[in-house]
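Coordinate inspection notes
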Amino acid sequence: GAYQKVINAYKLKALDIDIENTEWSNATVRQRVVDALKTVKANNSGLKTVITFGTTSSGPDSTGVDMIKRAANSGLANDVWCIMPFDFGGGTTNMGSLTIKAMEGLKAQVKSAYGYSDATAYTHIGLSSMNGKTDDSGERVRVADFKTMLAYAQQHHIGRLTYWAVNRDRACGSGTDGDACSGVTQQPYDYLKVFTQYTG
């Protein structure tokens, strides 16, 4: 019911459910999200659904795998499974390659759960990266990493390519906090200019 109120209020064509923290670790809540998304997809013709969650550098952890399997077993035709490939605890220079590794792990799980071909599985996965400093000290997602992610997206035609967040897509000045700048040397919107090259 809560999802439907938001869909109605904004006349949404797509709904991205970002699952984190305690709700993610609770199997009952994971099933509730699956059931709710099945209901809103049935009641809103053409509505696209995205489920976004954290990941390890090799793909979804056991909780993420369970979520994907629950959805498949429940008959939820989720449009995009989207990971947040950061906060790995390192990755000062290789977040692009670590993201690709995580995406390949996600693709394998989605392919297995739904019985998709490789090509179809890629269209049902996506990533939501971080630009610049992450929550892990020393971890940096550089513009070069975004270029690596873009090339991967273009090669495989993934279902979603986005990042946290455009309001951080600028270098830090005096008095700006981590939600207002990237924490790395850059020109305004350098990251955005990479990802907007993606056309599907």
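This report concerns the structure included in the present document. The model shown is predicted, which means the values in this text are computed figures rather than measured ones.

Some points on the nonpolar core
The nonpolar side chains of a soluble globular protein tend to be buried, and buried together. One finds Trp 81, Leu 106 and Ile 158 to be the most contacted residues of the largest nonpolar core, which totals 46 residues. Here this core gets six residues from one element, more than from any other, and that element is helix 5 (residues 95-114). Residue contacts for Trp 81: discarding those within four places in its chain leaves Ile 51, Phe 53, Met 67, Ile 68, Ala 71, Leu 106, Val 110, Tyr 114, His 124, Ile 125 and Gly 126.

Description of the state of the cysteines
This model, assessed by the stated rule, comprises one disulfide. With its sulfur 1.9 Å from that of its partner, Cys 172 forms a disulfide with Cys 181. Taking the sign of the S-S torsion, 90° for the link of Cys 172 and Cys 181, the bridge is right-handed. Judged by relative accessible area, which is 1%, Cys 181 ranks as buried.

Here's the deal with the packing of helix 1 (residues 2-10) against helix 3 (residues 27-43)
Direction vectors running N to C along helix 1 and helix 3 enclose 40°, while the axes themselves pass 9 Å from each other. Of the possible angle classes, the one that applies to helix 1 and helix 3 is oblique. Considering how the two elements wind past one another, helix 1 and helix 3 form a crossing that is right-handed. On the side of helix 1, the interface is formed by Tyr 3, Gln 4 and Ile 7, while helix 3 contributes Val 33, Ala 36, Leu 37, Val 40 and Asn 43. Class assignment for the residues of the contact of helix 1 with helix 3 results in six nonpolar, two polar and no charged.

Regarding the pattern of salt bridges
Under the criterion given, the structure shown has seven salt bridges. Residue Arg 30 is joined to Asp 66 by a salt bridge in which the shortest nitrogen-to-oxygen separation is 2.9 Å. Here the residue Arg 30 occupies a position in helix 3, and Asp 66 occupies one in helix 4 (residues 62-74), the gap between them amounting to 36 residues. With relative accessibility at 8%, the residue Arg 30 sits in the buried group. When its relative accessible area of 24% is taken as the criterion, Asp 66 is described as partly exposed. Close ionic contact of Asp 145 with Arg 142 constitutes a salt bridge, the shortest N to O distance being 3.0 Å. Classification of Asp 145 as buried rests on a relative accessible area of 2%. In the salt-bridge network here, residues are joined through shared partners; they are Arg 30, Asp 66 and Arg 70.

Focus: the sheet that holds strand 4 (residues 125-130)
Strand order in the open sheet formed by five strands is 1-2-3-4-7, and the pairing between neighbours is parallel. A single partner strand is all that each edge strand has here, and the edge strands are strand 1 (14-18) and strand 7 (160-164). For this sheet the average axis-to-axis angle between neighbouring strands, irrespective of direction, equals 20°. Against the sheet, helix 5 contacts strand 2 (48-54), strand 3 (80-84) and strand 4, and its axis sits at roughly 150° relative to strand 4. Set on the sheet, helix 7 (residues 143-156) makes contact with strand 4 and strand 7; between it and strand 4 the angle comes to about 170°.

Criteria and thresholds
Residues numbered from 1 in each chain as written. Predicted model: local features only at pLDDT ≥ 70, side-chain atom pairs only at ≥ 80, totals over all residues. Heavy atoms only, no water. Core = buried A, V, L, I, M, F, W, Y, C linked by side-chain atoms within 4.5 Å. Buried < 20%, exposed > 50% of the residue type's maximum accessible area, 1.4 Å probe, protein only. Helix = DSSP H or I, 4+ residues; strand = E, 2+ residues; numbered from the N terminus. Contact = heavy atoms within 4.5 Å. Disulfide = S-S within 2.5 Å. Axes fitted to C-alpha atoms, helices over the stretch in contact; angles between N-to-C directions. Parallel < 35°, antiparallel > 145°, perpendicular 65-115°, else oblique. Left-handed = near helix turned anticlockwise from the far one by under 90°. Nonpolar A, V, L, I, M, F, W, Y, C, P; charged D, E, K, R; others polar. Salt bridge = Lys/Arg side-chain N within 4 Å of Asp/Glu carboxyl O. Pairing = 2+ DSSP bridges.

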